[in-house]
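Fold and contact review
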Amino acid sequence: MQEPLLGAEGPDYDTFAEKPPPSPGERTRVGALRNKRVFLATFAAVLGNFSFGYALVYTSPVIPALERSLDPNLSLTKTQASWFGSVFTLGAAAGGLSAMVLNDLLGRKLSIMFSAVPSAAGYALMAGAHGLWMLLLGRTLTGFAGGLTAACIPVYVSEIAPAGVRGALGATPQLMAVFGSLSLYALGLLLPWRWLAVAGEGPVLVMILLLSFMPNSPRFLLSRGRDSEALQALAWLRGADADIRWEFEQIQDNVRRQSSHLSWAEARDPHMYRPIVIALLMRFLQQLTGITPILVYLQPIFDSTAVLLPPEDDAAIVGAVRLLSVLIAALTMDLAGRKALLFVSGYAMGWGPITWLLMSEILPLRARGVASGLCVLVSWLTAFALTKSFLLVVNAFGLQVPFFFFAAVCSVNLAFTGCCVPETKGRSLEQIESFFRSGRRSFLR
């Protein structure tokens with residue numbers, strides 16, 4: 001007979017055990033670190049985020065080059081440049097919308113692998129572009145791939161990671177996205193714009209190769225009734241010497257209790273809609289900080305300022321600082337906690353990596369695939385509105401107007417974090433879900 005996941009009060013399990021049985025990752029951090037397979041699977045997946053970060057800022061060095069182009073078919077006006085920069089976010093929104101279906105239909109791993117098709121096609125179109133339509137289509141396709149991976153990769157990583165290191169591993173998608181952006185800035189100092197697109201194909205191919213040897217999420221496999229495959233996947237991820245019985249039974253029990261499809265009546269239940277609303281607002285507010293238009297137009301922004309260094313060097317420096325900040329966040333997230341970093345750090349240490357991690361942690365299992373896609377859809381529709389209007393606002397009113405707006409949003413984010421965001425450090429996904437079901441305030445301490 002299975003032991004209950006939580007301490008029982010009445011007929012329903014609605015509280016946390018004072019000392020829940022530790023998962024393999026919680027029993028010993030050393031044991032988790034010895035298990036290199038979960039880290040390998042995470043690395044294989046987050047290569048998709050590398051491509052996402054690379055593609056997102058592709059326009060930063062390319063727009064100035066095309067504005068100076070002597071080819072009339074490729075020379076960009078200000079309006080065309082705004083479309084070239086912003087159409088990526090429309091593709092990302094479409095990718096998030098597709099993830100609402102693919103995440104649960106194909107599974108997390110296969111959905112990530114599927115993103116390689118539009119990504120590779122998009123880079124090929126931009127590398128061989130002979131007209132604006134090829135640039136826009138290529139940009140849209142790479143955006144679609146980015147939106148799909150943005151919805152699928154955090155869920156995959158959170159579902160394969162032990163609770164004790166889920167914070168560090170959950171920061172790796174953002175870490176790799178920042179590394180991808182930095183790589184683009186660095187290569188932009190050396191390569192012409194067509195070869196930048198060619199270089200983007202490499203990580204996509206490596207991702208496909210590595211992921212083909214990685215297991216799918218045990219939680220997804222259990223949700224599809226493939227129990228033996230799920231057990232094999234968990235055993236492979238945790239290593240031959242790990243005792244996975246308690247963890248597997250915990251996941252299995254949670255999946256069985258949520259095996260039916262989510263109904264509209266259940267969606268109106270607070271324990272179901274509260275985490276989804278929190279995740280949606282996090283994604284919306286994160287984009288309102290202005291990070292996407294700033295990154296997309298980083299080099300043109302420096303072009304319009306009186307900085308001493310060349311704009312391409314400034315962009316590379318910003319990329320390096322972002323990479324260092326996300327690395328610090330990854331190393332401290334499981335020690336300091338999620339909320340502390342959201343309060344005291346900037347975007348790259350807080351609202352960048354942590355909101356993606358929290359999204360994957362707090363979404364209920366039964367709605368995780370659909371809700372993560374919905375979060376990405378909202379995120380990138382917001383990003384499109386900001387990115388499309390950014391250059392127009394700057395040309396009309398100057399840089400100070402959008403930056404004052406972004407600063408005001410950051411103040412709102414502080415209040416939202418204090419009032420609405422739970423601390424999830426050291427909790428299993430099942431315990432996090434049970435918190436929203438029971439509302440125990442002790443969980444937040």
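Conventions and cut-offs
- Residues numbered from 1 in each chain as written.
- Predicted model: local features only at pLDDT ≥ 70, side-chain atom pairs only at ≥ 80, totals over all residues.
- Heavy atoms only, no water.
- Helix = DSSP H or I, 4+ residues; strand = E, 2+ residues; numbered from the N terminus.
- Buried < 20%, exposed > 50% of the residue type's maximum accessible area, 1.4 Å probe, protein only.
- Contact = heavy atoms within 4.5 Å.
- Phe/Tyr/Trp six-rings, centres within 6.5 Å; stacked < 30°, edge-to-face > 60°.
- Lys NZ or Arg CZ within 6 Å of the ring centre and 35° of its normal.
- Axes fitted to C-alpha atoms, helices over the stretch in contact; angles between N-to-C directions.
- Parallel < 35°, antiparallel > 145°, perpendicular 65-115°, else oblique.
- Left-handed = near helix turned anticlockwise from the far one by under 90°.
- Nonpolar A, V, L, I, M, F, W, Y, C, P; charged D, E, K, R; others polar.
- pLDDT = per-residue confidence, 0-100.
- Core = buried A, V, L, I, M, F, W, Y, C linked by side-chain atoms within 4.5 Å.
- Disulfide = S-S within 2.5 Å.
- Salt bridge = Lys/Arg side-chain N within 4 Å of Asp/Glu carboxyl O.
- Expected span 1.5 Å × (residues − 1).
- Arc of directions from axis to C-beta.
- Patch = residues over 30% accessible without salt bridge, like charges linked within 9 Å, V, L, I, M, F, W, Y side chains within 5 Å.
- Areas by Shrake-Rupley, 256 points an atom, 1.4 Å probe, with all protein chains shown as cover.

**Re the overall build of the chain**
The number of helices and strands found in the chain is 26 helices and zero strands. For the chain, with 445 residues in total, the buried portion stands at 58%. For the chain, contacts bridging at least 24 residues in sequence account for 79% of all contacts bridging at least 6.

**Considering the packing of aromatic side chains**
Tallied over the full model, the rule gives eleven aromatic pairs. Ring geometry for Y54 versus Y123: centroids 6.1 Å apart, planes at 75°, classification edge-to-face. Of this pair, Y54 sits in helix α3 (residues 36-56) while Y123 sits in helix α7 (residues 116-127), and the two are 69 residues apart along the sequence. An identical accessibility class is assigned to Y54 and Y123; each is buried. An aromatic cluster of three or more residues is present, and its members are F50, Y54, Y123 and F179. When the ring centre of F84 is taken as reference, the NZ or CZ atom of R139 above it lies at 5.9 Å.

**Looking at the packing of helix α8 (residues 132-160) against helix α23 (residues 353-362)**
Between two packed helices, both the angle of their axes relative to each other and the distance between the axes serve to describe the pair. At a minimum axis distance of 9 Å, the contact between α8 and α23 shows a crossing angle of 65°. One element, α8, and the other, α23, form an angle in the roughly perpendicular class. Where α8 crosses over α23, the handedness of that crossing is right-handed. In this structure, α8 uses A150, P154, V155 and S158 to contact α23, whose residues at the interface are W356, M359 and S360. The residue makeup of the contact of α8 with α23, split by class, is five nonpolar, two polar and no charged.

**Examining the environment of L132**
Position of L132 among the secondary structure elements: in helix α8. In this structure the C-alpha to C-alpha distance between L132 and L74, which are 58 residues apart in sequence, comes to 5.9 Å.

**Describing the confidence of the model for the chain**
Averaged over all residues, the pLDDT of the chain equals 80, while 86% of them reach at least 70. Segment residues 1-19 is flagged for pLDDT under 50; beyond a separation of four residues in sequence, or across chains, it makes 34 contacts in the model. In the predicted structure, residues 23-33 sits below a pLDDT of 50 and forms 18 contacts with residues beyond four places in sequence or in another chain.

**Considerations on the nonpolar core**
Y58 and W380 are the most contacted members of the largest nonpolar core, which totals 110 residues. Here the element with the most residues in this core is α3; it accounts for eleven residues. With sequence-adjacent residues up to four places away left out, W380 is seen in contact with F52, L56, T89, A92, A93, A150, Q287 and T292.

**Focus: the state of the cysteines**
For the structure shown, the criterion picks out zero disulfides. Residue C420 stays outside any disulfide, its sulfur separated by 5.5 Å from that of C419, the closest cysteine.

**Remarks on the pattern of salt bridges**
Scanning all chains against the criterion turns up four salt bridges. Between E67 and K78 there is a salt bridge, with the nearest N and O atoms lying 3.7 Å from each other. Of this pair, E67 sits in helix α4 (residues 59-67) while K78 sits in helix α5 (residues 78-105), and the two are eleven residues apart along the sequence. The exposure class of E67 is partly exposed, given its relative accessible area of 32%. Of the charged contacts in the structure, one is a salt bridge between E229 and R226, with a shortest N-O distance of 3.0 Å. What makes R226 partly exposed here is its relative accessible area of 33%.

**Points about helix α14 (residues 227-238)**
Think of an α-helix as 3.6 residues a turn; residues three or four steps apart then line up on the same face. Relative to the 16 Å expected for twelve residues at 1.5 Å per residue, α14 spans 16 Å between its end C-alpha atoms, a close match to the ideal helical length. Listing the buried residues of α14 in full gives A230, A233, L234, L237 and R238. For α14, the arc enclosing every buried residue in end-on projection is 120°, short of the 170-degree limit, so these residues lie on one face. After α14 finishes, the residue G239 shows a positive phi value of roughly 100°.

**Quick word on a nonpolar patch on the surface**
Side chains of V101, L105, L106, L110, F114 and V117 sit close together on the surface and give an oily, nonpolar patch of about 530 Å² of accessible area. Looking at the nonpolar patch, the elements with two or more residues in it are α5 and α6 (108-114). Counting through the fold element by element, V117 comes out in helix α7.

**Here's the deal with the side chain of N49**
For N49, the location among the structural elements is in helix α3. Judged by relative accessible area, which is 5%, N49 ranks as buried. Those residues in contact with N49, other than ones at most four positions away along the chain, are I153, P173, M176 and A177.

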